[in-house]
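Understanding the architecture of this molecule
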Amino acid sequence: MGARKVLVTGCSSGIGLALAVRLAKDELRRFKVVATMRDLDKREALERAAGATLNRSLEIRQLDATCEDSIRECVNSLSDRRVDVLVNNAGVGMIGPLECQSVSAMQELFNTNFFGLVRLVKELLPDMKRRQSGHIVVMSSVLGIQGLLFNDLYAASKFAVEGFCESLAVQAMKFNVKMTLVEPGPVVTEFENKVYEEAEKMDLSEADEETAQIFRQIYLPYSRKIFHSIGQTPEEVAEQTFKLIVSKNPPFRHQTNRLYMPLTAMKHADPTGRLPIDAFYKMIFQHDRVFNASLSIMRILHRRMGQGAA
Ligand SMILES: NC(=O)c1ccc[n+]([C@@H]2O[C@H](COP(=O)([O-])OP(=O)(O)OC[C@H]3O[C@@H](n4cnc5c(N)ncnc54)[C@H](OP(=O)(O)O)[C@@H]3O)[C@@H](O)[C@H]2O)c1
């Protein structure tokens, strides 16, 4: 069997870049990687990381997930339009009080995180169904399972991703097409820098004083602590995603950070939804010490596990 063609979106940085390079450097040479990004002027970091694999097992193409023409042009440029594995990774973040975000910014977020996925699947699934083979791997998030304070819109976009994939997975299975949702917790990438930079500059005048204070004085410092205590590297997430891609029988869902599992498990443990909401409320507003102590324990576990993940 020849090398499998893998198309990865959002490869200018972070998880997409790390995964494209990991696949291209596969010792068994099982993959030809089409590493895409919306702005080719940002290709330098990927070119450097790809090293000798550049233009051998890894080629770089332009693809903007918000533009159907750009997706079609990229896919049409591939021999027989063949994509064996799609990795839908491109995504943007958004945090802050709802009152301070414009509806057009929210629509832009959905246009990338949700409709970007829809456009790519719409373009590639018919070919995969015809060939009766393929794997669609989607970078979701633990926030696609469990919502989080001040992440209302981002979590909603990842919930949409999860609902879309869950619905489609049964039809895909009928045509022998596999689907996998990868659900990382915090990962230290440009993503984090971008959302915090925007949060620092955010005009909070539309929010009442108490909400603005909760965001600035509680949410932002806690959130940074979490990233720096239990955040994974993009290479860790890429390695786990690589294993899912080479697996003969990949799961539908895969959480990359074991330390997050108790938080997402609460949701399934209580169908009334009270358990996770009460737990998050207490963790954030009532038990500062408990929160900090839990974080220290998680930090130790994270170090002991070496990679903080399965
Ligand atoms: N970092 C985390 O904590 C975390 C946790 C869970 C899930 N995730 C998910 O993981 C994925 C990758 O994020 P990351 O952490 O690696 O962040 P990142 O370093 O910011 O990478 C995001 C990538 O998506 C690209 N992108 C944004 N809009 C695009 C568009 N319209 N078309 C094509 N590419 C576009 C970015 O390109 P530009 O450079 O041009 O902006 C960049 O290459 C995202 O889906 C994110 O939601 C991240």
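Being a predicted model, the structure only gives us computed values, none of them experimental. (Residues numbered from 1 in each chain as written. Predicted model: local features only at pLDDT ≥ 70, side-chain atom pairs only at ≥ 80, totals over all residues.)

This part is about the UniProt feature "active site" (unreviewed entry) in the protein. Cross-referencing UniProt, the feature "active site" (unreviewed entry) maps to Y154 in the present numbering. One can find Y154 in helix 6 (residues 152–174). When residues no more than four places from it in sequence are discounted, the contact partners of Y154 are G93, M94, I95, L109 and L143. (UniProt positions renumbered as here; feature names shortened; annotations may be inferred. Helix = DSSP H or I, 4+ residues; strand = E, 2+ residues; numbered from the N terminus. Contact = placed C-beta atoms within 7 Å.)

All right, on to the site of the ligand then. The full set close to the ligand counts 32 residues, and G10, G14, A90, G91 and F191 are the nearest of them. Broken down by secondary-structure element, the contributors of at least two residues to the shell around the ligand are helix 1 (14–24) and helix 7 (190–201). Top contributing element to the shell around the ligand by residue count: helix 7, with 4 residues. Considering only residue class, the shell around the ligand consists of 12 nonpolar, 13 polar and 7 charged. (Near = placed C-beta within 6 Å. Nonpolar A, V, L, I, M, F, W, Y, C, P; charged D, E, K, R; others polar.)

Another point: the nonpolar core. One finds V6, V8, A20, V33, L86 and V138 to be the most contacted residues of the largest nonpolar core, which totals 50 residues. When near neighbours in sequence (up to four residues on either side) are disregarded, V6 contacts L23, F31, V33, V34, D84, V85 and V87. Ranked by size, the runner-up nonpolar core spans 15 residues in total, among them V142, I145, F215 and Y219. (Core = buried A, V, L, I, M, F, W, Y, C linked by C-beta atoms within 7 Å. Buried ≥ 20, exposed ≤ 12 C-beta atoms within 10 Å, placed from the backbone.)

Looking now at the sheet that holds strand 4 (residues 85–88). Pairing in this open sheet of 7 strands is parallel, and the strands run 3-2-1-4-5-6-7 from one edge to the other. The sheet terminates laterally at strand 3 (58–62) and strand 7 (253–255), the two strands that pair on one side only. For this sheet, the mean angle separating the axes of adjacent strands, direction not counted, is 20°. In the sheet, strand 4 pairs with strand 5 (residues 134–139) via 4 bridges, with the strands oriented parallel. Across the sheet, the residue bridging to V85 is H135, located in strand 5. (Pairing = 2+ DSSP bridges. Axes fitted to C-alpha atoms, helices over the stretch in contact; angles between N-to-C directions.)

A few words now on the pairing of strand 3. Sheet topology places strand 2 (residues 31–37) next to strand 3; 5 bridges connect them, and they run parallel. Bridging from a neighbouring strand, M37 pairs with Q62 of strand 3. Traced from strand 2 through helix 2 (residues 44–50) to strand 3, the parallel crossover comes out right-handed. (Right-handed = clockwise from strand over helix to strand, strands pointing away.)

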